[in-house]
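# Architecture and fold: a report
Spelled out, the chains give:
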Amino acid sequence: MMTLDFSILLRFENALLLGLWMTIKLTVICIVLGCSLGFLVGLARTSRNPALRAISGIYVEFFRGTPVLIQLFWIFFCLPLLLGVELSNFASGVIALTLYMGAITSETFRASLKSIGREQLDACVALGLPNRVQVVNVVLPQAVLRAIPTLLSNCVSLFKESALVSAVGMADLMFVGQNISNNTARPVEVLTVVALIYFIIAFPLTRAVSLIEGRILKKLAI
């Protein structure tokens, strides 16, 4: 019977922290870029222009309907061949996770945009507000407020999905954990601790989502 020894991980504390920092940095970058992209795509999906709706719809269905790992592999291995440029594993990870985040958050924004009363947009037109002012000052604040609970859930999901970038050699928490596991021949201890680190970060965020959702629903009197 195997004897567990978690103390061995104390030698690799700094490596695990560096891996965790890389995971958090990647996640934050992709959240910012992905939510921005998702809002624009959400606007396109609610546009009166049929071409915009069709293009944005194809993008969303493709990235929601295919595994993130395959998207990541395609961007890392195939995109450089098509473009004739080299992409680092970090750049590939950012592109893949941003496109995925943009697809899933666009549906969140689309739902929140549809919940904004038509009379508010009619009032903007009556006041003669330009489209840019309507979007920035009227549509965006309300859409974000209504979308916050689901967006936070999407962010937690992205944090967990980010472990996939280890498959292309990016030194995130999962990649560091796999290397330590291989070098020490202690997969049970190492992978258990890595899983606990993900859980310790994700679980409080998940609980926070529920609390924030309750407050927002109460504020909106839904």
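Nothing here was measured: the structure is a model prediction, and the numbers come from that model. (Residues numbered from 1 in each chain as written. Predicted model: local features only at pLDDT ≥ 70, side-chain atom pairs only at ≥ 80, totals over all residues. Heavy atoms only, no water.)

### Some thoughts on the overall build of the protein
Along the protein, the regular secondary structure elements total eight helices and zero strands. What you see in the protein, going N to C, is helices and strands ordered as α-α-α-α-α-α-α-α. Pairs at least 24 apart in sequence give 76% of the contacts found in the protein among residues at least 6 apart. About 12,500 Å² of surface is accessible on the protein, with carbon and sulfur atoms providing 68% of the total. (Helix = DSSP H or I, 4+ residues; strand = E, 2+ residues; numbered from the N terminus. Contact = heavy atoms within 4.5 Å. Areas by Shrake-Rupley, 256 points an atom, 1.4 Å probe, with all protein chains shown as cover.)

### Quick notes on the environment of Trp21
Its location among the elements puts Trp21 in helix 1 (residues 13-45). Here Trp21 falls in the exposed class, since its relative accessible area comes to 52%. Along the backbone, Trp21 and Asp172 are 151 residues apart, and their C-alpha atoms lie at a distance of 7.7 Å. (Buried < 20%, exposed > 50% of the residue type's maximum accessible area, 1.4 Å probe, protein only.)

### Thoughts on the nonpolar core
Formed by 26 residues in total, the largest nonpolar core has its most connected members in Leu26, Cys30, Ile31, Leu97, Met101, Leu158 and Val165. When residues of this core are traced back to their parent elements, those giving at least two are helix 1, helix 3 (68-83), helix 4 (89-114) and helix 6 (131-161). Of the residues forming this core, the biggest block, eight residues, is contributed by helix 4. Apart from the residues lying within four places of it in its own chain, the contact partners of Leu97 are Leu26, Cys30, Val68, Leu158, Ser162 and Val165. With 17 residues, the next largest nonpolar core counts Leu16, Leu20, Val176 and Tyr198 among its residues. (Core = buried A, V, L, I, M, F, W, Y, C linked by side-chain atoms within 4.5 Å.)

### So, helix 7 (residues 173-184)
Here helix 7 contains twelve residues, and its C-alpha end-to-end distance of 16 Å stays within 8% of the 16 Å for a straight helix at 1.5 Å per residue. Of all the residues in helix 7, the buried ones are Leu173, Val176, Gly177, Ile180, Ser181 and Thr184. Here the buried residues of helix 7 occupy an arc of 135° about the axis, which is enough to place them on one side. Pointing more than 90 degrees away from the buried face of helix 7 are the exposed residues Asn182 and Asn183. (Expected span 1.5 Å × (residues − 1). Arc of directions from axis to C-beta.)

### Quick notes on the pattern of salt bridges
Counted by the stated rule, this structure contains four salt bridges. A salt bridge links Glu107 to Arg110; its shortest N-O distance comes to 3.0 Å. Here Arg110 and Glu107 lie together in helix 4, a separation of three residues that amounts to about one turn. Accessibility expressed as a relative area gives 19% for Glu107, which makes it buried. Given the relative accessible area of 23%, Arg110 is considered partly exposed. Salt bridges linked by common partners bring Arg45, Arg64, Glu107 and Arg110 together as one network. (Salt bridge = Lys/Arg side-chain N within 4 Å of Asp/Glu carboxyl O.)

### Re the side chain of Thr27
With respect to the secondary-structure elements, Thr27 resides in helix 1. In contact with Thr27, not counting residues within four places along its chain, are Cys155, Leu158, Phe159 and Ser162.

### Quick look at unusual backbone geometry
At Ala185, a position not held by glycine, the phi torsion is positive, near 55°. Topologically, Ala185 is positioned in the loop between helix 7 and helix 8 (187-220).

### Description of the UniProt feature "transmembrane region" (unreviewed entry) in the protein
UniProt feature "transmembrane region" (unreviewed entry): in the numbering of this structure it lies at residues 20-41, 62-83, 89-109 and 193-212. Helix makes up 91% of residues 62-83 and strand 0%, whereas the separation of the span's terminal C-alpha atoms amounts to 21 Å. Between the C-alpha atoms that bound residues 193-212 there is a distance of 29 Å. The span itself is 100% helix and 0% strand. (UniProt positions renumbered as here; feature names shortened; annotations may be inferred.)

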